[in-house]
Amino acid sequence: MTRVDAKGTVEQAAERLRACRHVVALTGAGLSAESGIPTYRGSGGIWTKWGEPTIDGWELFNSDPGRWWEEAIDRQTLMSDFAQAIDRAEPNPGHLAMAELERMGRLHHVITQNIDDLHRRAGSRAVTEIHGNRHLVRCMSCGRRDRQDAIFLERLPPLCQECGGILKNDTVMFGEPIPADVLDECHRQANLADAFLVVGTSAVVYPAAEFPAMAKRRGAALLELNPEPTPLSRLADVVVRAPAGESLPRLAALLGTA
Ligand code: NAD
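Cut-offs and rules
Residues numbered from 1 in each chain as written. Predicted model: local features only at pLDDT ≥ 70, side-chain atom pairs only at ≥ 80, totals over all residues. Heavy atoms only, no water. Helix = DSSP H or I, 4+ residues; strand = E, 2+ residues; numbered from the N terminus. Contact = heavy atoms within 4.5 Å. Areas by Shrake-Rupley, 256 points an atom, 1.4 Å probe, with all protein chains shown as cover. Near = heavy atom within 4 Å. Polar contact = N/O pair within 3.5 Å; in protein donor to acceptor, adjacent residues only side chain to side chain. Buried < 20%, exposed > 50% of the residue type's maximum accessible area, 1.4 Å probe, protein only. Pairing = 2+ DSSP bridges. Right-handed = clockwise from strand over helix to strand, strands pointing away. Axes fitted to C-alpha atoms, helices over the stretch in contact; angles between N-to-C directions. pLDDT = per-residue confidence, 0-100. Parallel < 35°, antiparallel > 145°, perpendicular 65-115°, else oblique. Left-handed = near helix turned anticlockwise from the far one by under 90°. Nonpolar A, V, L, I, M, F, W, Y, C, P; charged D, E, K, R; others polar. Salt bridge = Lys/Arg side-chain N within 4 Å of Asp/Glu carboxyl O.

Draft legend 1. Molecular detail of the overall build of the protein. Within the protein, the secondary structure is distributed over 10 helices and 9 strands. Residue pairs in contact within the protein that sit at least 24 positions apart in sequence constitute 67% of those at least 6 positions apart. Accessible area for the protein stands at about 13300 Å²; split by element, carbon and sulfur atoms hold 55% of it.

Draft legend 2. Seen up close, the site of the ligand. Around the ligand sit 27 residues, and of these Tyr 40, Arg 41, His 131, Thr 201 and Ser 202 come closest. Note that an oxygen atom of the ligand is positioned 2.6 Å from one of the side-chain N or O atoms of Ser 202. With the chains in place, 94% of the 840 Å² that the ligand exposes on its own is no longer accessible. Broken down by element, the residue count for the shell around the ligand peaks at 4 residues, all from helix H2 (residues 29-33).

Draft legend 3. View of the environment of Pro 249. Position of Pro 249 among the secondary structure elements: in helix H10 (residues 244-256). In sequence terms Pro 249 and Ala 97 are 152 residues apart; their C-alpha atoms lie 5.0 Å from each other.

Draft legend 4. View of the pairing of strand S7 (residues 195-199). By the criterion of burial, S7 is predominantly enclosed, with 5 of the 5 residues buried. Here S7 shows a buried face lined by Ala 195, Leu 197 and Val 199 and a second buried face lined by Phe 196 and Val 198. Across 5 bridges, the pairing between strand S1 (residues 23-27) and S7 is parallel. Bridge pairing in S7 links Leu 26 to Val 198. Inspection of the sheet shows S7 paired to strand S8 (residues 221-225) by 5 bridges, in the parallel sense. Bridge pairing in S8 places Val 199 opposite Leu 225. Where the polypeptide runs from S7 across helix H9 (residues 210-217) and back to S8, its parallel neighbour, the crossover connection is right-handed.

Draft legend 5. How the structure looks around the sheet that holds strand S4 (residues 136-139). The antiparallel open sheet is built from 3 strands, whose spatial order is S5-S4-S6. The open sheet has two edge strands, strand S5 (145-147) and strand S6 (167-169), and neither has a second partner. Within the sheet, the average angular offset between the axes of one strand and its neighbour, ignoring direction, is 35 degrees.

Draft legend 6. Up close: the confidence of the model for the protein. Summing up the model confidence of the protein, the mean pLDDT is 88 and the portion of residues at 70 or higher is 86%. Low pLDDT, under 50, characterises residues 1-5; the stretch is placed with 13 contacts to residues that sit more than four places away or in other chains.

Draft legend 7. Just the packing of helix H6 (residues 93-103) against H10, in detail. Relative orientation of the contacting elements H6 and H10 amounts to 25 degrees, with a least axis distance of 7 Å. Taken together, H6 and H10 sit at an angle that is classed as roughly parallel. Viewed along their axes, H6 and H10 form a crossing whose handedness is left-handed. Residue-level contacts link Pro 93, Gly 94, Ala 97, Met 98 and Leu 101 of H6 to Ala 244, Gly 245, Leu 248, Pro 249, Leu 251, Ala 252 and Leu 255 of H10. Here the contact of H6 with H10 is composed, by residue class, of 10 nonpolar, 2 polar and no charged.

Draft legend 8. Representation of the sheet that holds S1. Read across the sheet, 6 strands follow the order S3-S2-S1-S7-S8-S9 without closing on themselves; strand pairing throughout is parallel. Each edge of the open sheet carries a strand with a single partner, namely strand S3 (127-129) and strand S9 (238-240). Adjacent strand axes in the sheet meet at a mean angle of 15 degrees when their direction is disregarded. The sheet strands contacting H10 are S7, S8 and S9, and the helix crosses S7 at an angle near 150 degrees.

Draft legend 9. The arrangement of the pattern of salt bridges in detail. Tallied over the entire structure, the rule returns 17 salt bridges. Here Asp 87 makes a salt bridge to Arg 134, at a shortest N to O gap of 2.8 Å. Of this pair, Asp 87 sits in helix H5 (residues 65-88) while Arg 134 is found in the loop between S3 and S4, placing the two residues 47 residues apart along the sequence. The exposure class of Asp 87 is partly exposed, given its relative accessible area of 47%. With a closest N to O distance of 3.1 Å, Arg 188 and Glu 185 form a salt bridge. Of this pair, Arg 188 and Glu 185 both sit in helix H8 (residues 180-192), 3 residues apart, which is roughly one turn of that helix.

Draft legend 10. Seen up close, the side chain of Ser 233. Take Ser 233: it is sitting in the loop between S8 and S9. At 3.1 Å, the side chain of Ser 233 forms a polar contact with the side chain of Arg 241.

Encoded structure:
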């Protein structure tokens, strides 16, 4: 087992993956950091800098409405910067390398916590977006997803064209359950995986963080690509402390050679 501070190499990661038959990746905000989208946690993260947003807004509002408004306005400024960063972002070499690994048959599924759509835009096909997709809306009744720019907003809330149910943005909110179809697919992948590649996530958001650990308990290899330690580091067989935009293209190049 690798110690939290131990370092491995991309070559070691490639060697572990070479014989694997079903490789699943869990990706997080760190993968998109090199596309200009800030992370929440870790150095440079917007929560590291500004503090975590609260999920007990009503209680806080009652205790000090003035302060609540001040903070809400600050948060809105922050979030609009965040949303703009997502809208401007392009896939980076890390996303492109993951799509390449899928094409080569070396990566079989990506579970991403990112809402930015960059995996699909890079060409990955087998993707489950556990926290939703910023560009989609989801029907609360039948689960159908549509592009946000394809729905009618004359009447609010907008309704599903299929079943008339209420639409919400696909992004999973604090306290909202992960949609059942998505959760089922994550469990299915965790059960199939004989290797889990954990990229750019602080691995503290559940249930996402539990899938690599589940697979590891079944005997799968666990590989982490992250410049900083996470709670999964101590379970990992190989830890590569480098930005994903460097480690993933190198990994794809190594696995591309027989
Ligand atoms: P996080 O912000 O909690 O942690 C980011 C992790 O990325 C840290 O461990 C950090 O060390 C690592 N990191 C930073 N730069 C990296 C790089 N270049 N290469 C590899 N790793 C790097 O992110 P999280 O674990 O994904 O959890 C945050 C939640 O917030 C997610 O579930 C997601 O829904 C949401 N979020 C999404 C986006 C996005 O869509 N791009 C961005 C921020 C947050």
